[in-house]
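What follows is each chain in one-letter form.
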Amino acid sequence: MDREMRSDQDGAGEAALVAVQEAAPGLARTLDPEDATRFEAALEALAPNTRRAYGVALAAWARWADLQGVDALTASPFAVRAYLQERAEEGAGISSLRLTAAALRKVQTLAGAEPTAHDQVVTDTISGLARQASAPRQAYALTAEALAVITATACRPRVGRGGRMERPEQARRRGLVDIALCRVLSDAGLRRSEAAALTWDSFARWEDGSGRLTVSRSKTDAEARTVYLTPASVAALRAMRPAGAHGGRSVFGLSAASISRRIRTAAAAAGLGPGFSGHSGRVGMARRMAAAGAPTHEIMAQGRWKTARMVEVYTRAEEAGRAAKWLA
């Protein structure tokens, strides 16, 4: 039994060595027996999940280095910095960037190469990116302009999460939900959790084509609040409502996390870029009302804010724009 276990461990060590060597082409040089043994022993000391994670990180790094004409093993700290910054711009998390640097440091040490991944330039780069990632960011707003673009593009077929192109009818059904979701959140200033909790009983249509939406109690409201919906949002809701949907049925049938994803995907498909989230409707409502000249207390009422602080944060650009009346 011990012999079988030792054989399995030897095989795992060899496989890990090959995987890391293939991931970082610079390591595929011939190692003398002593270095090879040291290398393999160090890899065996790592947890299997860590070996796999290192392999994935090094593979991505090696592909980038190859495109840049950089040696994956001996790259300068400035090349590593450029890679980390590019990955951060693409949305990679800080933990992923730290893993890449750790993997490269490990293989550089094992191969006896200069530890450029341990250079202060790399350390400072990761620290700076971590600070940027932790800084509060305001979500991009679902403004009137953004809503118009999403409405015009939402029903176009696109590749779904399963990797298949939607059929026209699938795209239309999904698109109608996306349009209603974005419009309702931007009218009512809903949080994603509030949108997820909506039922058809929450919605009432008025004779002038507008609507009223009853928002359940939330973290800031002890009681339910009723807010206004534009005729465009009412029409969007009616267009996506399934036939025979009873009043207690969920309006969107989505979790809070799914709502954020749907808004982000709809905005990206419309060519609006990244930065949209489940909070974009709330920011959009404040900015739309401010741009139309609404006083702060009216924006607070629609957004159910108890103080003016968040209104001021969300509408500072619109407030500054009012100076155009007096500046030539």
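Residues numbered from 1 in each chain as written. Predicted model: local features only at pLDDT ≥ 70, side-chain atom pairs only at ≥ 80, totals over all residues. Heavy atoms only, no water.

The name an unreviewed UniProt entry assigns to the chain is Tyrosine-type recombinase/integrase, from the organism Caldilineaceae bacterium SB0661_bin_32.

Asks: Can you explain the overall build of the chain? Please cite residues and give values.
Replies: Along the chain, the regular secondary structure elements total 15 helices and three strands. Of all 328 residues assigned to the chain, the portion counted as buried reaches 41%. Put simply, 64% of the contacts in the chain that link residues at least 6 apart link residues at least 24 apart. Summed over all atoms, the accessible surface of the chain reaches about 18100 Å², with 52% contributed by carbon and sulfur. (Helix = DSSP H or I, 4+ residues; strand = E, 2+ residues; numbered from the N terminus. Buried < 20%, exposed > 50% of the residue type's maximum accessible area, 1.4 Å probe, protein only. Contact = heavy atoms within 4.5 Å. Areas by Shrake-Rupley, 256 points an atom, 1.4 Å probe, with all protein chains shown as cover.)

Asks: So what about the pairing of strand S2 (residues 211-215)? Which residues, and what values?
Replies: Alternating positions in S2 separate cleanly, Gly211, Leu213 and Val215 being buried on one face and Arg212 and Thr214 remaining unburied on the opposite face. Two elements, strand S1 (residues 203-205) and S2, share three bridges in a ladder whose sense is antiparallel. Each residue of the ladder has a partner; that of Arg205, found in S2, is Gly211. Of the pairings in the sheet, the one linking S2 to strand S3 (residues 225-229) comprises five bridges and is antiparallel in character. By the bridge assignment for S3, Val215 is matched with Arg225. (Pairing = 2+ DSSP bridges.)

Asks: Explain the packing of aromatic side chains to me, and be specific about the residues and the numbers.
Replies: This model, assessed by the stated rule, comprises six aromatic pairs. Directly above the ring of Trp206 sits Arg212, whose terminal nitrogen or CZ lies 3.7 Å from the centroid. (Phe/Tyr/Trp six-rings, centres within 6.5 Å; stacked < 30°, edge-to-face > 60°. Lys NZ or Arg CZ within 6 Å of the ring centre and 35° of its normal.)

Asks: Explain the packing of helix H4 (residues 77-89) against helix H6 (residues 120-134) to me, and be specific about the residues and the numbers.
Replies: Here H4 crosses H6 at 15 degrees, and the two axes come no closer than 9 Å. Here H4 is positioned roughly parallel relative to H6, judged by the angle of their axes. Classified by chirality, the crossing of H6 by H4 is right-handed. On H6, the residues touching Pro77, Phe78, Val80, Arg81, Leu84, Gln85 and Ala88 of H4 are Val121, Val122, Thr125, Ile126 and Leu129. Class assignment of the residues belonging to the contact of H4 with H6 gives a composition of nine nonpolar, two polar and one charged. (Axes fitted to C-alpha atoms, helices over the stretch in contact; angles between N-to-C directions. Parallel < 35°, antiparallel > 145°, perpendicular 65-115°, else oblique. Left-handed = near helix turned anticlockwise from the far one by under 90°. Nonpolar A, V, L, I, M, F, W, Y, C, P; charged D, E, K, R; others polar.)

Asks: I'd like to hear about the sheet that holds S3, residue by residue, with values.
Replies: A sheet is described by the order of its strands in space; here three strands give the open sequence S1-S2-S3, paired in antiparallel fashion. Across the chains shown, the open sheet's two edge strands, defined by having one partner strand only, are S1 and S3. Adjacent strand axes in the sheet meet at a mean angle of 25 degrees when their direction is disregarded. Packed onto the sheet, helix H8 (residues 168-188) meets S2 and S3 and runs at close to 120 degrees relative to S3. Contacts between helix H10 (residues 231-240) and the sheet are confined to S1, S2 and S3, with S3 contributing the most and set at about 95 degrees to the helix.

Asks: I'd love a proper account of the pattern of salt bridges, names of residues and values included.
Replies: Pairing between side chains becomes possible if they bear opposite charge and their charged atoms approach one another. Taken as a whole, this structure holds nine salt bridges when the rule is applied. A salt bridge links Arg191 to Glu194; the shortest N-O distance between them is 2.7 Å. Neither residue differs from the other here; Arg191 and Glu194 are each classed as buried. Connected through salt bridges with shared partners, the residues Arg158, Glu166, Arg174, Asp178 and Arg262 form a single ionic network. (Salt bridge = Lys/Arg side-chain N within 4 Å of Asp/Glu carboxyl O.)

Asks: Would you mind going over the nonpolar core in detail, with residue names and values included?
Replies: Judged by nonpolar contacts, the single largest core of 36 residues is most densely connected at Leu190, Leu213, Leu237 and Phe252. Every element with two or more residues in this core is listed here: helix H7 (144-153), H8, S2, S3, H10 and helix H11 (256-269). Here the element with the most residues in this core is H8; it accounts for nine residues. Counting 29 residues, the second-largest nonpolar core is a separate cluster that includes Ala72, Ala75, Tyr83 and Ala101. (Core = buried A, V, L, I, M, F, W, Y, C linked by side-chain atoms within 4.5 Å.)

Asks: Lay out unusual backbone geometry in plain terms, naming residues and giving numbers.
Replies: The residue Arg304 is not glycine, and still its phi comes out positive at about 60 degrees. Relative to the elements of secondary structure, Arg304 occurs in the loop between helix H13 (296-303) and helix H14 (309-314).

Asks: Which residues make up H6, and what values go with them?
Replies: For H6, spanning 15 residues, the distance from its first C-alpha to its last is 21 Å, which sits close to the expected 21 Å at 1.5 Å a residue. All of the buried residues along H6 are Val122, Thr125, Ile126, Gly128, Leu129 and Ala130. On its buried face, H6 is in contact with H4 and helix H5 (94-111). Of the residues that open H6, the one with a side-chain oxygen 2.8 Å from the backbone nitrogen of Val121 is Asp119. (Expected span 1.5 Å × (residues − 1). Polar contact = N/O pair within 3.5 Å; in protein donor to acceptor, adjacent residues only side chain to side chain.)

Asks: Could you give me a rundown of the environment of Thr296, with the residues and numbers involved?
Replies: In this structure, Thr296 sits in helix H13. The exposure class of Thr296 is partly exposed, given its relative accessible area of 33%. If we skip the residues at most four places from it in the chain, Thr296 touches Ala308 and Val311.

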